[in-house]
Amino acid sequence: MKKIDVYKGEVHLLEEVSELEDYLSGLEDGSFLTFDWETTGLDYDAIPLLLSLHQRGKYPVTVPVDYMFRKGLPMKDISRVCNKEFKRLRLIAHNAKYDSMINVMNGIKDENCQIVADTLIMVHLYNPEIPKQLEKRVEADFGYKKKTFEEISGKKWAKINWTTDGDSLLELLAGYAGEDTYWTTKLYYKYKDLLDEDAWNILRKIEMPMVNILRDAKIRGVKINVPLLKDMEVEVTKRLKYIVDEIFKECGCVFNLNSPKQKQEIFFDKLKLPVISYTKKGGRSTDSGTAEEWAEMGYPIGKLLTEYSELNKLDSGYIKAIPNLVDKEDVLRGDINSCGTETGRCSSSNPNLQNQPNNSDFPIRKAFVPRPGYVFINYDYSQLELRVMAHMSKDKHFLEVFRNGEDPHGDVARRLGISRKGAKVVNFGVLYGMGPQKLARTIEVPESEAKKIITKDYMETYSGFAKWKEKTENFARKNGYVKNLFGRIRRLRDATISPDSDRKAFYGALRKAVNTKIQGTGADIVKIATIATINEYKRRGLDAHFLLQVHDELLIEARIDQALEAEKILKSCMENSVKLDVPLDVDGKIILNWSEMKDDKCVSYPFRFDFSIYSGVLTNDK
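Cut-offs applied
Within every chain, residues take consecutive numbers counted from 1 along the sequence as written. Given that the model is predicted, a residue must reach a pLDDT of at least 70 before its local features are reported, and side-chain atom pairs must reach 80 or more before they are shown or counted; all residues, however, enter totals for whole chains, interfaces and linings. Only hydrogens and water are removed before side-chain values are computed, so all heavy atoms of the structure are retained for them. What counts as a helix is a DSSP run of H or I of at least four residues, what counts as a strand is a run of E of at least two, and both are numbered from the N terminus. Only protein chains enter the accessibility calculation, which uses a 1.4 Å probe; a residue whose area is less than 20% of its type maximum is buried, one above 50% is exposed, and one in between is partly exposed. Aromatic rings from Phe, Tyr and Trp, taking only the six-membered ring of Trp, are treated as a pair when their centres fall within 6.5 Å; an angle between ring planes under 30 degrees marks them as stacked, one over 60 as edge-to-face, and anything in between as tilted. Cation placement over rings: the criterion is NZ of Lys or CZ of Arg within 6 Å of the ring centroid and within 35° of the ring normal. Contacts were defined at the residue level, with two residues in contact if any of their heavy atoms lie within 4.5 Å. Each polar contact in these results corresponds to two N or O atoms within 3.5 Å; when the atoms are within protein, one needs to be able to donate a hydrogen and the other to accept it, and residues that are neighboring in sequence are counted only if both atoms are side-chain atoms.

## Comments concerning unusual backbone geometry
For residues other than glycine, phi is negative in most cases, and the peptide bonds are mostly trans. Across the junction of N350 and P351, the peptide omega takes the value 0°, indicating a cis bond. Mapped onto the fold, P351 is located in the loop between β11 (347-349) and β12 (368-369). One non-glycine residue with positive phi stands out, namely E444, at about 55°. Judged by its relative accessible area of 71%, E444 is exposed.

Written as structure tokens, this is what we have:
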């Protein structure tokens, strides 16, 4: 064992397997232990460099792995000891999804690990709007500026060749890793006292169970039809060139579409288009939102710019990007982040599948395909947020609509005397604060009529919702926060200020209050259903796996011969894991690529599948 001086104490670098055995066996049963892996990168198969462990009141200890260090211990010995001793302890991590993934990939089994808390999630549950990065939290919460490894070593992590430089960096890495676990332990005990009972219930029953589910989704990944995307790229390039030529033709000149200054001169000074909004520096905005507004106002250039923006985003963010993100087996392993939004909704990255453009000419979902011998099961909640609103507001009309299996948009259209398309816009516009000006353009009515629809007709007709909305806003104004149905909190300080001091911030906070109650509740319903589904798959021993979640939609990959059973479980769990005053309905089917979910011409399994082609794949029929 070697002692290394860091921060206000020291870190012990273990050099023998027996030292790790002695350290872990000496910890009391049921005591808390923080752990953290340092690895060569952030991929699911990154090589472990060093394991850091810390318990309150003790020095951190670090265990180097022999992949890169001459003094490192064999990974098989580390995993053997951890499998034996971890199951007696309650483990803590910061970003447990990643550290748990390194465990699994290196032989430390879930059944031997009881990870009870993730300090990153604890911070998010306390206040989802504050930074969760460890260094930032340590500085904000404890006044200590923790150095990054680059600041300590003078080397960028991604540029380090651990094979040649590992031994010279080992002590620096041990000190850095020891600090990580030391401060993670401090964070745990700080936020342990800050979280209320509701937050603890969400941590135990929702967020910690989601850790392993999201981890396993990353490890498994989803198969991508790369040649299809390559073909799309050729066609998109042609289409983009055509749109650019049309833009130049409409403007009467050629200019740089990536230059805000040139666009301002062409759009505002030459074409005399209306200014919709301003940039932070006070310039006339030419962003995509402005183009959309121009399109809604009937300007041809607005429609062209919107199409160009959407297609360019699709091309650069997905069609070109995804092939560069897959592995040699054409498997994409993106990240689904349970703490990615303030409302509790999951976000996704590498790539961001939450904001993928819905383009029927270039459906990128078609490139997402199941492995041979498997199918996709894709189910989506039907009008989840409106159902949540009906439950929370107890509005008699909405309760009646959903209990009778009727159409909520049709009900609004009938009662307010507008089209169903307009009613759909009004429903979500009222929920999330759409102004009368935008509503007027969207449903093509005078602004005065749009204002009357929002502020009078809708609120008087659906008075239960109106009273609940007012009650929610008043609670936020008085208390500076709201909670969703399960107790997930969102702090809204701006709701307590005077609207005269900052009108935009004040009314924005009130909109967030309503949004959080509804969207946040829906988000947790989806998570609870996901947990129930995966637990049931495991209980029955099914070869069925969660792959993706996009808003209220779940994508499962299941072995063909088990698909019907897996589908039945998914549908039941989505509809019954949470009981509201209205039924939770879902739509879905079994498909051969992700885009087929939205294709009404595609019927679900088993009506169109030829089982003979899978004769060599199916085993263990159930």
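So that's the structure; there's more coming.
## Section: the packing of aromatic side chains
A complete count under the given rule lists 24 aromatic pairs for this structure. Between F69 and W162 the ring centres are 6.2 Å apart and the planes differ by 80°, which places this aromatic pair in the edge-to-face class. Within this pair, whereas F69 is found in the loop between β5 (61-64) and α2 (75-85), its partner W162 is found in helix α7 (residues 162-194), the two being separated by 93 residues in sequence. With respect to burial, F69 and W162 carry one shared label: buried. An aromatic cluster is defined as three or more aromatic residues linked by ring pairs; in this entry it consists of F69, F149, W157, W162 and Y176. We note R220 situated over the ring of Y374; from NZ or CZ to the ring centre the distance is 5.2 Å.

## Points about the environment of D141
For D141, the location among the structural elements is in helix α5 (residues 134-142). Taking C-alpha positions, D141 is 9.6 Å from K186, a pair spaced 45 residues apart along the chain. Those residues in contact with D141, other than ones at most four positions away along the chain, are L187, K190 and Y191. A polar contact is formed between the side chain of D141 and the side chain of Y191, at a distance of 2.8 Å.

## A short note on the side chain of N112
Structurally, N112 is set in the loop between α3 (96-105) and β7 (115-118). Under the relative-accessibility criterion, N112 is labelled buried at 13%. N112 has contacts with C82, N83, F86 and K87, leaving out every residue within four places of it along the chain.

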